[in-house]
Amino acid sequence: MVYQHISVQPLTPTIGAVVSGIDLGAPSAEAFAEIKRAWLEHLVLFFCDQTINPEQHLKLGQMLGELHIHPAAPYRDDNPALMAIYAGPDSHRNNGDTWHSDVSADEEPPMASILYLQTAPEVGGDTLWANMYAAYEALSSPIKALLGSLSAKHSANYTGYYGDHEPQRKNPSAEHPVIRTHPETGRKALFVNQGFTRRIIGLSDHESQSLLDMLFDHIKHPQFHCRFQWQENTVALWDNRCTQHLAVWDYFPEVRSGTRVTVKGDRPF
Ligand code: SIN
């Protein structure tokens, strides 16, 4: 693909690209249109050496759509759209340590997330992303046909999850198709994840758990993945409709910290 305003260096043939030659503080409309094109092709984009303030971070999200408010997470600057991402010496866990698509327990789960990591550990704290188009396409035809007829329940229980921070919505819950069609590319993607998907509707407990276990195992194959080693002041933009991610917590007691702006999506179909 040819770009005039940005440079795009793929991380793997399957998912992920590093974008350079752009200041995310004030991208032109032409440059942002190219970022969007690269994003739909590579699913997660990384922008190194960025200095953006909270307003610019929020503005980036608004260029993609209406902002999503996390049901429970702490936030910065008194703005619930500016989710705090933090793990340090007092933490008992980090955010996103299980494969997930952000807040898939919402009726209309977020389409995009934009994480600005300002403090990164010297080593460790990588994030992995997995391509759910590729995971779907690698399944056999009979399994694709079966999954295409099924939907699944996604839910979360945020009571006490963020310590003293009181959740705004404690128990989001929704039913979504197991295979969704991306509203912009028209491609099919696997849409179940270990973080939020609890059971497949209409199957027995045993059938549901066995099928989910098979799919959770399937998406762990490295051929669907990229792994990103963060440096401070890096922005990642990912598409929750066709990816899942997992943030590795291997840097305790070091600090890893930033903010996430999340963009509303539509009801999966
Ligand atoms: C998340 O948004 O799930 C956290 C991702 C990360 O911290 O790398």
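Read on for an overview of the structure. What you see is a predicted model; the values in this text were computed from it and never measured.

Some remarks on the sheet that holds strand E16 (residues 243-247)
Reading across the sheet, the three strands line up as E14-E8-E16 and stay open at both edges, with antiparallel pairing between neighbours. The sheet terminates laterally at strand E14 (225-228) and E16, the two strands that pair on one side only. Pairs of neighbouring strands in the sheet enclose a mean axial angle of 20°, with direction left out of account. Two elements, strand E8 (residues 127-131) and E16, share five bridges in a ladder whose sense is antiparallel. Residue pairing in the sheet places Thr-127 in a bridge with Ala-247 of E16.

Describing empty space enclosed by the protein
Considering all chains together, one arrives at two cavities of 30 Å³ or more under this definition. Its boundaries defined by the atoms lining it, the largest cavity holds a volume of some 60 Å³. Elements supplying a minimum of two residues to the lining of the largest cavity: helix H1 (29-42) and strand E15 (234-239). By residue class, the composition of the lining of the largest cavity is eight nonpolar, no polar and no charged.

Notes on the site of the ligand
Lining the immediate environment of the ligand, one finds Ile-85, Asn-95, Gly-96, His-100, Asp-102, Leu-115, Thr-127, Trp-238, His-245, Ala-247, Arg-256 and Arg-260. Separating an oxygen atom of the ligand from a side-chain N or O atom of Thr-127 is a distance of 2.6 Å. At 2.8 Å from an oxygen atom of the ligand is found a side-chain nitrogen or oxygen belonging to Arg-256. In the complex, 98% of the free accessible area of the ligand, which totals 260 Å², lies under the protein chains. Taken together, the residues of the shell around the ligand break down into four nonpolar, five polar and three charged.

The rules behind these values
Think of each chain on its own: its residues are numbered from 1, step by step along the sequence as written. The predicted origin of the model limits local features to residues at a pLDDT of at least 70 and limits the giving and counting of side-chain atom pairs to 80 or more, whereas totals for whole chains, interfaces and linings rest on all residues. Side-chain measures here rest on the full set of heavy atoms in the structure, leaving out hydrogens and waters. Strands qualify as paired when DSSP identifies two bridges or more between them. Going along the chain from the N terminus, every DSSP run of H or I of four or more residues is numbered as a helix, and every run of E of two or more is numbered as a strand. Axes here refer to lines fitted to C-alpha atoms; in helices the fit is confined to the stretch in contact. Angles between the N-to-C directions go from 0 to 180 degrees. In this analysis a 1.4 Å probe is tested at points of a 1 Å grid over the protein atoms alone, and where it fits but cannot get out there is a cavity; an open set with protein on both sides within 12 Å along at least five of seven lines is a pocket; lining residues have an atom within 4 Å of a point. Grid points are joined across faces, edges and corners, and a volume is the space filled by probe spheres set on the points. Nonpolar residues are Ala, Val, Leu, Ile, Met, Phe, Trp, Tyr, Cys and Pro. Charged residues are Asp, Glu, Lys and Arg, and all others, Gly as well, are polar. Throughout, the term near means that a residue has one or more heavy atoms lying within 4 Å of the molecule or strand in question. Under this definition, polar contacts are N or O atom pairs within 3.5 Å; protein pairs additionally need one hydrogen-donor-capable and one acceptor-capable atom, and for neighbouring residues in sequence, both atoms have to be side-chain atoms. Surface accessibility follows the Shrake-Rupley procedure with a 1.4 Å probe radius. Residue values consider only the protein chains on display as shielding.

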